[in-house]
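# Residue-level structure breakdown
This is what each chain is made of:
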Amino acid sequence: MFTGIIEHNGTVETLDLTPDGGRVTIHAPSVAPSLAVSNSIAVNGCCLTIVDLHNGRLSADLSGETIRKTSFGATGGELKKGARVNLEQPLTAGKEFGGHLVLGHVDTIGRVTHLTPEGENWWFGVQVPAEFARYVVPKGSITIDGISLTVARCRNNVAEVAVIPYTYEHTNIRDRQPGDAVNLEGDVIGKYVQRYLEAGHYERQAESRLTIARLIEEGF
């Protein structure tokens, strides 16, 4: 489990892909010395298992499903050699919980629409797939390339977030161009609520209201 607070960056050194799998090697001297083979690490929000470490570099195998669901295998705007990636180690007991619950299980990819400066900050827009838009809630949490961000507004399936200077300088957002593929993960709490509703446990009546208290009372 992760929190979406990016503490390290790395650079893609090699990326070997086939339709059924592949391997990525990342130059990450700021974090590699503290890692071990078999550790988990989130790379642009995708939870991977480290299979090799050498000279400040880490390598991880990619399954066919990972390639299909993430920017590793995107067609256009995909990750390439030399790309900067966001890295996060798993949350440890007793550590400050500074973002939100991030599982590292990427739901889908989005496409950057704009990165527009406004004063000292930036507006960062991402076109999200229609089936993912139900998890995009104004003032709610969203994970973009592993970064815990707050949705400011969403219009026509474009989610916009406000990016402060610190986030801009310490993540790969500063490299983003329109059309780039980014990994998206919805808030896990929203997913469970959605699943609850789809299962028919909630009466869909106009006068009914879904509350946390009611969910608890009904054994959610």
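Notes on the structure follow. Treat the numbers as computed from the prediction; the structure is a model and nothing was measured.

## Describing the pattern of salt bridges
- On inspection of all chains with the given rule, the structure shows 10 salt bridges.
- Between Arg153 and Glu160 there is a salt bridge whose closest N-O contact spans 2.4 Å.
- One continuous salt-bridge network, built from bridges that share partners, spans Glu65, Arg68 and Lys69.

## So, the side chain of Glu160
- Here Glu160 shows up in strand E11 (residues 158-163).
- Accessibility expressed as a relative area gives 7% for Glu160, which makes it buried.
- A polar side-chain atom of Glu160 sits 2.7 Å from a polar atom in the side chain of His114.
- Here the side chain of Glu160 touches Arg153 through a polar contact of 2.4 Å, side chain to side chain.
- Contacts of Glu160, omitting those with residues within four sequence positions, involve His114, Trp123, Phe124, Gly125, Thr150, Val151, Ala152, Arg153 and Arg155.

## Here's the deal with the nonpolar core
- Ranked by internal contacts, the top residues of the largest apolar core, which has 22 residues, are Phe124, Val128, Ile142 and Ile144.
- Those elements that provide at least two residues to this core are strand E8 (121-127), strand E9 (141-144), strand E10 (147-155), E11 and strand E12 (181-186).
- Look past the residues within four positions of Phe124 in its chain and what remains in contact with it is Val112, His114, Leu115, Ile144, Ala159, Glu160, Val161, Val163, Ile173 and Arg176.
- Counting residues in hydrophobic clusters, the runner-up holds 20 residues, among them Cys46, Leu58, Ile67 and Leu87.

## Let's talk about the pairing of strand E2 (residues 21-27)
- Judged from the 7 bridges that link them, strand E1 (residues 8-18) and E2 form a sheet pairing that is antiparallel. Its bridge partner lying in E2, Thr14 is registered against Thr25.
- Here E1 hands over to E2 after 2 residues, the two strands then running antiparallel side by side.
- Examined bridge by bridge, E2 and strand E5 (residues 57-63) share 7 bridges and lie antiparallel to one another. Residue Ile26 lies in a different strand from E5, and its bridge partner there is Leu58.

## Focus: unusual backbone geometry
- Positive phi, normally seen in glycine, also occurs at Asn44, with a value near 50°.
- By relative accessible area, Asn44 is classed as buried at 0%.
- Phi is positive for Asp145, close to 50°, though the residue is something other than glycine.
- Looking at the element boundaries, Asp145 is found in the loop between E9 and E10.
- Overall, the relative accessible area of 2% leaves Asp145 in the buried class.

## Side note on the packing of aromatic side chains
- Applying the stated criterion to the full structure yields 2 aromatic pairs.
- Both rings, one in Trp122 and one in Tyr168, keep their centres 3.7 Å apart while their planes meet at 0°; by these two values the pair is stacked. Here Trp122 is found in strand E8, whereas its partner Tyr168 is found in helix H2 (residues 165-170), with 46 residues between them in sequence.
- In this structure Tyr168 comes out as buried when scored by relative accessible area, which is 16%.
- With 6.0 Å between their ring centres and 70° between their planes, Phe132 and Tyr135 make a pair best called edge-to-face.
- In this structure Tyr135 comes out as buried when scored by relative accessible area, which is 18%.
- The cationic tip of Arg153 hangs over the ring face of Trp123; the distance from NZ or CZ to the ring centre is 4.0 Å.

## Comments concerning empty space enclosed by the protein
- Inspection of every chain in the model, using the stated rule, returns 1 cavity of 30 Å³ or more.
- Considered as a void within the structure, the largest cavity measures approximately 30 Å³ in volume.
- Every residue along the wall of the largest cavity is listed here: Phe2, Ile6, Ala42, Val43, Asn44, Gly45, Asn86, Leu87, Glu88, Val102 and Gly146.
- Mapped by element, the contributors of at least two residues to the lining of the largest cavity are strand E3 (40-43) and strand E6 (84-88).
- Among the elements that make up the lining of the largest cavity, the one with the highest residue count is E6 (3 residues).
- Along the lines of polarity and charge, the residues of the lining of the largest cavity split into 6 nonpolar, 4 polar and 1 charged.

Each value, and the rule that gives it
- Residues numbered from 1 in each chain as written.
- Predicted model: local features only at pLDDT ≥ 70, side-chain atom pairs only at ≥ 80, totals over all residues.
- Heavy atoms only, no water.
- Salt bridge = Lys/Arg side-chain N within 4 Å of Asp/Glu carboxyl O.
- Helix = DSSP H or I, 4+ residues; strand = E, 2+ residues; numbered from the N terminus.
- Buried < 20%, exposed > 50% of the residue type's maximum accessible area, 1.4 Å probe, protein only.
- Polar contact = N/O pair within 3.5 Å; in protein donor to acceptor, adjacent residues only side chain to side chain.
- Contact = heavy atoms within 4.5 Å.
- Core = buried A, V, L, I, M, F, W, Y, C linked by side-chain atoms within 4.5 Å.
- Pairing = 2+ DSSP bridges.
- Phe/Tyr/Trp six-rings, centres within 6.5 Å; stacked < 30°, edge-to-face > 60°.
- Lys NZ or Arg CZ within 6 Å of the ring centre and 35° of its normal.
- 1 Å grid on protein atoms, 1.4 Å probe; cavity = no way out; pocket = protein on both sides within 12 Å on 5 of 7 lines; lining within 4 Å.
- Points joined across faces, edges and corners; volume = space filled by probe spheres on them.
- Nonpolar A, V, L, I, M, F, W, Y, C, P; charged D, E, K, R; others polar.

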